[in-house]
Amino acid sequence: MRRLYIDFDGVVMDTIPLLYNELEKNNVTLDNEEQIRKVFGSFDFRTIIKDKNILNDSIECINKILDSKRFEVAFLSHVNSLDEGVVKIKYLRRHFKDDITIIIVPKSVSKTKMVHSEGAILVDDFSGNLKEWEEAGGISVRFSKEMESKGYRVLNRLDSLLDMFDENGDEIC
Ligand SMILES: [Mg+2]
């Protein structure tokens, strides 16, 4: 079975606009990485990781993907703090029992350094992650609400993966 890694923020949950709001509230611009790390490092993610922020039926879509038995599914999420990691793990475990692996990745580490990316699919909204993934031999799929591909395969619902890859996990051309 082909391995499938699913990002959390901006894929499972529509947290990105809410996180940008938080930066704005703190007068932090997007180019100030140190300040961003500070704000998100102490931000209470419980205030935004909620069912009402589920992005385009992602939980339902992931259940469909699991039912299809086409992929070995894992979550692969960057975190700014261990607390953020714990909030995400608790949230995902409420929706999924032990049939999905959850991997949290320190923000400063590439996702390609945490798992074996070669031949595996990554669905992520951030092109930087997708670029690294592809360079490490992985298959990159961009999640974009507006279907902006930025040069990658693109989808705005996770169950579109079932139209993109066949039962062997090979790409349908
Ligand atoms: Mg993301």
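Residues numbered from 1 in each chain as written. Predicted model: local features only at pLDDT ≥ 70, side-chain atom pairs only at ≥ 80, totals over all residues. Heavy atoms only, no water.

Q: Honestly, the overall build of the protein chain in this entry has me stumped. Any pointers?
A: Tallying secondary structure elements over the protein chain gives six helices and six strands in all. Each helix and strand of the protein chain, placed in order from N terminus to C terminus, yields the pattern β-α-α-α-β-α-β-β-α-β-β-α. Principal axes of the C-alpha set define a box for the protein chain whose edges measure 45 × 35 × 30 Å. Put simply, 58% of the contacts in the protein chain that link residues at least 6 apart link residues at least 24 apart. Accessible area of the protein chain: about 9200 Å², with a carbon and sulfur share of 47%. Charged side chains of the protein chain number 25 positive and 32 negative; the gap between the two group centres comes to 4 Å. (Helix = DSSP H or I, 4+ residues; strand = E, 2+ residues; numbered from the N terminus. Contact = heavy atoms within 4.5 Å. Areas by Shrake-Rupley, 256 points an atom, 1.4 Å probe, with all protein chains shown as cover. Lys, Arg positive; Asp, Glu negative; His and termini not counted. Charge placed at Lys NZ, Arg CZ, Asp CG, Glu CD.)

Q: How should the coordination of the magnesium ion be read in this particular structure?
A: Around a metal, the ideal angle is 109.5 degrees if four donors adopt a tetrahedral arrangement and 90 or 180 degrees if six donors adopt an octahedral arrangement. In this structure, D7 (OD), D9 (O) and D125 (OD) serve as the protein donors to the magnesium ion, at separations of 2.1 to 2.2 Å. Counting residues between consecutive donors of the magnesium ion along the chain gives the motif D-x1-D-x115-D. Assigned by exposure class, D7 and D9 land together as buried. (Donors = N, O, S within 2.8 Å, 3.2 Å for Na, K, Ca; no water. Buried < 20%, exposed > 50% of the residue type's maximum accessible area, 1.4 Å probe, protein only.)

Q: What exactly am I supposed to notice about the domain arrangement of the protein chain here?
A: Accessible area lost on assembly of the parts is the figure often given for the size of an interface. The domain boundaries assigned to the protein chain delineate domain 1 (2–14 + 49–164) and domain 2 (16–46). Taking only C-alpha atoms into account, the centre of domain 1 sits 21 Å from that of domain 2. In this complex, domain 1 contributes twelve residues to the contact, which on the side of domain 2 involves eight residues. For domain 1, the biggest contributors to the area lost against domain 2 are D14, N80 and V87; these three give 43% of the whole. At the boundary of domain 1 with domain 2, the tally comes to zero salt bridges. Counting every contact that joins domain 1 to domain 2 gives one residue pair in polar contact (both at pLDDT 80 or more). Here the residues of the side of domain 1 that touches domain 2 sort into two nonpolar, four polar and six charged. (Domains from an automatic or database assignment. Buried area = accessible area lost by both parts, 1.4 Å probe. Salt bridge = Lys/Arg side-chain N within 4 Å of Asp/Glu carboxyl O. Polar contact = N/O pair within 3.5 Å; in protein donor to acceptor, adjacent residues only side chain to side chain. Nonpolar A, V, L, I, M, F, W, Y, C, P; charged D, E, K, R; others polar.)

Q: For this particular structure, what's the right way to read the sheet that holds strand 4 (residues 121–124)?
A: Sheets are built from strands that pair by backbone hydrogen bonding, the pairs being arranged parallel or antiparallel. Spatially, 3-2-1-4-5-6 is the arrangement adopted by the six strands of the open sheet, whose pairing is parallel. Only two strands of the sheet have a single neighbouring strand rather than two, namely strand 3 (101–106) and strand 6 (153–155). Direction aside, neighbouring strands of the sheet carry axes that sit 25° apart on average. Set on the sheet, helix 3 (residues 58–68) makes contact with strand 1 (2–6) and strand 2 (71–79); between it and strand 2 the angle comes to about 145°. Helix-sheet contacts for helix 5 (residues 127–135) involve strand 1, strand 2, strand 4, strand 5 (139–143) and strand 6, and the interaxial angle to strand 5 is about 170°. (Pairing = 2+ DSSP bridges. Axes fitted to C-alpha atoms, helices over the stretch in contact; angles between N-to-C directions.)

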